[in-house]
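Take a look at the letters that make up each chain.
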Amino acid sequence: MFDLLRVSGGPTKPEIIAIALSKMGLRDSDRFFDVGCGTGAVSIEASSLVKDLHITAIDARKEAMEVAEKNFEAFKIPNVNLVFGESSEVIAQAEKVDCAFVGGSKNILEVLDALAAKNARSIVVDAVRIETVVRVIRRMQELGIFREVLHVMVSRGVDLMGETMFKPENPVYIVVGGTDKTN
Ligand SMILES: C[S@@+](CC[C@H](N)C(=O)[O-])C[C@H]1O[C@@H](n2cnc3c(N)ncnc32)[C@H](O)[C@@H]1O
């Protein structure tokens, strides 16, 4: 997982992916959308959790597409549909969406509207800007799909003269919603 090829903005930190996917409640054969997939790290981890996951990984950057494609090949991820374009438009064309991880904030309100229109069971948004978090919470509340919001801080141990100190990473907000209120 940590030999991933990188692209700016990614990969999402493994600890954040772990929390986000624990909130997702993936099930076998789900149709999972990785919105703003970047390196594809979230899809790669998600595919290890359940059987027969159908992944649609979307990004609007060519360089992210190239990196994600190589990572999916290297990690032998089956059932991935890698799509270049604007996520809200791609989601609107989809037949079914069970779960979505949203790691890109462009057109976030349109993305949420499109996911809600598909009755997505679980939507997990990862954001670092507080303005994005507020917009996402408000829209999810308007759509009747808001579940919870988390503020996650991770400090990583680093060597300091042969001993260990902790260096904090920037806080990340995880907003959880969807039609399923039980997770
Ligand atoms: C922070 S990076 C995502 C990192 C990714 N989760 C990973 O682990 O590598 C955000 C990505 O979302 C993409 N993005 C943002 N908004 C988008 C949208 N509306 N549609 C498609 N891609 C989008 C950006 O191009 C960027 O590659």
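This one's a predicted model, so the numbers in the text were calculated from it and none came from an experiment. (Residues numbered from 1 in each chain as written. Predicted model: local features only at pLDDT ≥ 70, side-chain atom pairs only at ≥ 80, totals over all residues. Heavy atoms only, no water.)

Student: For the UniProt feature "binding site: S-adenosyl-L-methionine" (unreviewed entry) in the chain, give the residues involved together with the corresponding values.
Tutor: The UniProt record marks Thr 12, Gly 36, Cys 37, Gly 38, Thr 39, Gly 40 and Asp 59 with the feature "binding site: S-adenosyl-L-methionine" (unreviewed entry), using the residue numbering of this structure. For the annotated residues, spread through 48 residues, the largest C-alpha to C-alpha distance comes to 14.3 Å, consistent with a single compact locus. By the secondary structure assignment, Thr 39 is in the loop between strand 1 (31–35) and helix 2 (41–47). Residue Thr 39 is classed as buried on the basis of its relative accessible area of 2%. If sequence neighbours within four positions are ignored, Thr 39 has contacts with Leu 4, Leu 5, Arg 6, Val 7, Gly 10, Pro 11, Val 67, Ala 68 and Asn 71. Tracing the sequence through the fold places Gly 40 in the loop between strand 1 and helix 2. Judged by its relative accessible area of 0%, Gly 40 falls in the buried class. With residues near it in sequence (within four places) discarded, Gly 40 still touches Asp 34, Ala 68 and Phe 72. (UniProt positions renumbered as here; feature names shortened; annotations may be inferred. Helix = DSSP H or I, 4+ residues; strand = E, 2+ residues; numbered from the N terminus. Buried < 20%, exposed > 50% of the residue type's maximum accessible area, 1.4 Å probe, protein only. Contact = heavy atoms within 4.5 Å.)

Student: Pulling in residues and values, what's your account of the site of the ligand?
Tutor: What surrounds the ligand is a group of 20 residues, the closest being Thr 12, Thr 39, Asp 59, Arg 61 and Ser 87. Arg 61 is positioned with one of its side-chain polar atoms (N or O) 2.8 Å from an oxygen atom of the ligand. (Near = heavy atom within 4 Å. Polar contact = N/O pair within 3.5 Å; in protein donor to acceptor, adjacent residues only side chain to side chain.)

Student: Could you give an account of the side chain of Ser 43, with specific residues and numbers?
Tutor: For Ser 43, the position within the fold is in helix 2. Assessed through its relative accessible area of 0%, Ser 43 is described here as buried. Excluding anything up to four places from it in sequence, Ser 43 contacts Phe 32, Asp 34, Ile 55, Ala 57 and Phe 72.

Student: Outline the UniProt feature "domain: Methyltransferase" (unreviewed entry) in the chain, supporting the account with residue identities and numerical values.
Tutor: UniProt marks residues 34–104 with the feature "domain: Methyltransferase" (unreviewed entry), using the numbering shown here. Within residues 34–104, the helical portion is 38% and the strand portion 24%, while the C-alpha atoms at the span's ends are 9 Å from each other.

Student: I'd like to hear about the pattern of salt bridges, residue by residue, with values.
Tutor: Pairing between side chains of opposite charge can happen when their charged atoms approach one another. Summed over the entire model, instances satisfying the criterion amount to nine salt bridges. Among the salt bridges present, the one from Arg 121 reaches Asp 30, with a minimum N-O distance of 2.7 Å. Linking Arg 121 in the loop between helix 5 (108–117) and strand 5 (122–127) with Asp 30 in the loop between helix 1 (14–24) and strand 1, this pair joins segments that are 91 residues apart in sequence. Since its relative accessible area comes to 5%, Asp 30 is described here as buried. In this structure, the salt-bridge partner of Asp 98 is Lys 96, at a minimum N-O distance of 2.9 Å. A single salt-bridge network, built from bridges that share partners, covers Glu 15, Arg 156 and Glu 169. (Salt bridge = Lys/Arg side-chain N within 4 Å of Asp/Glu carboxyl O.)

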